[in-house]
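Chain and residue survey
So you can see what is in the structure, the chains are spelled out below.
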Amino acid sequence: MRTSIFATVSCLAATVFGSCMTDAAAHEVAVHFQELISAYTNASAEAYLTANFHDTSDSVTTLIDGGCPGTPLPLGQTTFSSRDAFIAGQGGQPNITFTILNVWHNCDSVFLRWSSNDPNPDVPTNMFAGKGLTPPEQVTGIIILETSEATVTADTPYQWLINTVYSEFNSGAWLVDLGVFQPNCSATASSKVKRDARPRIL
Ligand SMILES: *[C@@H]1O[C@H](CO)[C@@H](O)[C@H](O)[C@H]1NC(C)=O
Ligand SMILES: *[C@@H]1O[C@H](CO)[C@@H](O)[C@H](O)[C@H]1NC(C)=O
Ligand SMILES: *[C@@H]1O[C@H](CO)[C@@H](O)[C@H](O)[C@H]1NC(C)=O
């Protein structure tokens with residue numbers, strides 16, 4: 001209820017100051033970002049992102065750092081601070097297939113949940129042998145896409161360009177899938193004992 005009041009108020013504000021994206025436009029923005037991760041091309045990055053694009057994700061930073069904070073990227077800061085930085089970083093990555101689970105939006109931002117059963121299908125699974133673990137572990141995440149409204153022309157056909165991304169996901173499972181973290185999940189393994197000694201917050 002609170003969310004819909006907020007959306008209504010911000011859509012009224014946008015009616016005064018600019019337009020408010022439709023459900024179809026929000027879905028298109030979500031699919032544009034999905035395409036940049038699952039079927040990346042430079043042309044789509046240039047078509048879907050503003051030049052001043054920023055992407056902030058400690059989950060991505062943790063993957064880039066291989067779980068070692070600060071090396072090479074610091075946690076808690078922007079991961080890609082321009083479209084060119086995203087192109088340089090994402091352009092060299094394998095495509096990652098994922099399913100969009102939900103899409104919500106207000107006038108100029110899109111919120112989505114996603115899940116991938118196997119983000120790294122090329123990684124060999126024999127490294128998990130004897131560890132009581134059947135890979136891959138699924139990865140689920142949440143993304144906030146802030147957009148800028150653009151003037152539509154023949155050369156720039158999209159009204160809503162992604163300007164800012166805030167994205168977090170289960171990088172723990174992803175690092176297991178990559179073999180960077182290699183837990184031993186056998187019932188009697190010493191790492192299992194450590195897992196059971198975790199802080200009792202849940
Ligand atoms: C990702 O998918 C796009 C579109 O299908 C393709 O052009 C590109 O070569 C793929 N990238 C990699 C690293 O496989
Ligand atoms: C994509 O852009 C990067 C950075 O400008 C460049 O190095 C790369 O060659 C381009 N890829 C293609 C397929 O044109
Ligand atoms: C995992 O732990 C079990 C129980 O301690 C042990 O028998 C097994 O060798 C371990 N596996 C690996 C790959 O270290």
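Residues numbered from 1 in each chain as written. Chains lettered and ligands numbered in written order. Predicted model: local features only at pLDDT ≥ 70, side-chain atom pairs only at ≥ 80, totals over all residues. Heavy atoms only, no water.

Side note on the site of ligand 1
Cut-off, in case you're wondering: Any residue with a non-hydrogen atom lying within 4 Å of a molecule or strand is treated as near it. Each polar contact in these results corresponds to two N or O atoms within 3.5 Å; when the atoms are within protein, one needs to be able to donate a hydrogen and the other to accept it, and residues that are neighboring in sequence are counted only if both atoms are side-chain atoms. Note on areas: Shrake-Rupley, 1.4 Å probe, and residue coverage restricted to the protein chains presented here. Residues are grouped as follows: nonpolar covers Ala, Val, Leu, Ile, Met, Phe, Trp, Tyr, Cys and Pro; charged covers Asp, Glu, Lys and Arg; every other residue, Gly included, is treated as polar.
All residues adjacent to ligand 1 are Ala-39, Tyr-40, Thr-41, Gln-93 and Asn-95. A distance of 2.4 Å separates an oxygen atom of ligand 1 from a polar side-chain atom of Asn-95. Summarising the interface, the protein chains cover 41% of the accessible area of ligand 1, which totals 360 Å² for the free molecule. Split by residue class, the shell around ligand 1 holds two nonpolar, three polar and no charged.

Points about a nonpolar patch on the surface
Stated precisely, the cut-off is as follows: Each patch is built from salt-bridge-free residues with over 30% relative accessible area, joining like charges within 9 Å and nonpolar side chains (Val, Leu, Ile, Met, Phe, Trp, Tyr) within 5 Å. Any Lys or Arg side-chain nitrogen located within 4 Å of an Asp or Glu carboxyl oxygen qualifies as a salt bridge. By the criteria applied, helices consist of DSSP H or I runs no shorter than four residues and strands consist of E runs no shorter than two, each listed in order from the N terminus.
A surface patch of nonpolar side chains, about 230 Å² in accessible area, is lined by Leu-178, Val-180 and Phe-181. Mapped onto the secondary structure, Phe-181 falls in the loop between α6 (171-178) and α7 (190-196).

Quick word on the sheet that holds strand β1 (residues 49-56)
Short version of the rule: We treat two strands as partners when DSSP finds at least two bridges between them. To get an axis, fit a line to the C-alpha atoms, keeping to the stretch in contact for a helix; angles then go from 0 to 180 degrees between the N-to-C directions.
Pairing is mixed in the open sheet, where five strands are placed in the order β1-β5-β4-β3-β2. Looking at strand neighbours, the two that pair on one side only are β1 and β2 (99-105), the edges of this open sheet. Ignoring strand direction, the axes of neighbouring strands in this sheet form an average angle of 20°. Examined bridge by bridge, β1 and strand β5 (residues 160-169) share four bridges and lie parallel to one another.

Regarding the state of the cysteines
Counted only if it meets this: When two cysteine sulfur atoms are found within 2.5 Å, that pair is recorded as a disulfide.
One pass over the structure, following the stated rule, counts one disulfide. The disulfide partner of Cys-20 is Cys-107, and the gap between their sulfur atoms is 2.1 Å. Its torsion about the S-S bond being -85°, the disulfide of Cys-20 and Cys-107 is classed as left-handed. Of this pair, Cys-20 sits in the loop between α1 (2-17) and α2 (23-38) while Cys-107 sits in the loop between β2 and β3 (109-116); the two residues are 87 residues apart in sequence, bridging distant segments of the chain.

Some points on the pairing of strand β4 (residues 139-149)
In terms of strand pairing, β3 meets β4 through eight bridges, oriented antiparallel. By the bridge assignment, Arg-113 is partnered in β4 with Ile-142. Taken together, the nine bridges between β4 and β5 define a ladder with antiparallel strand orientation. Each bridged residue has a counterpart across the sheet, and for Glu-146 the counterpart in β5 is Thr-164.

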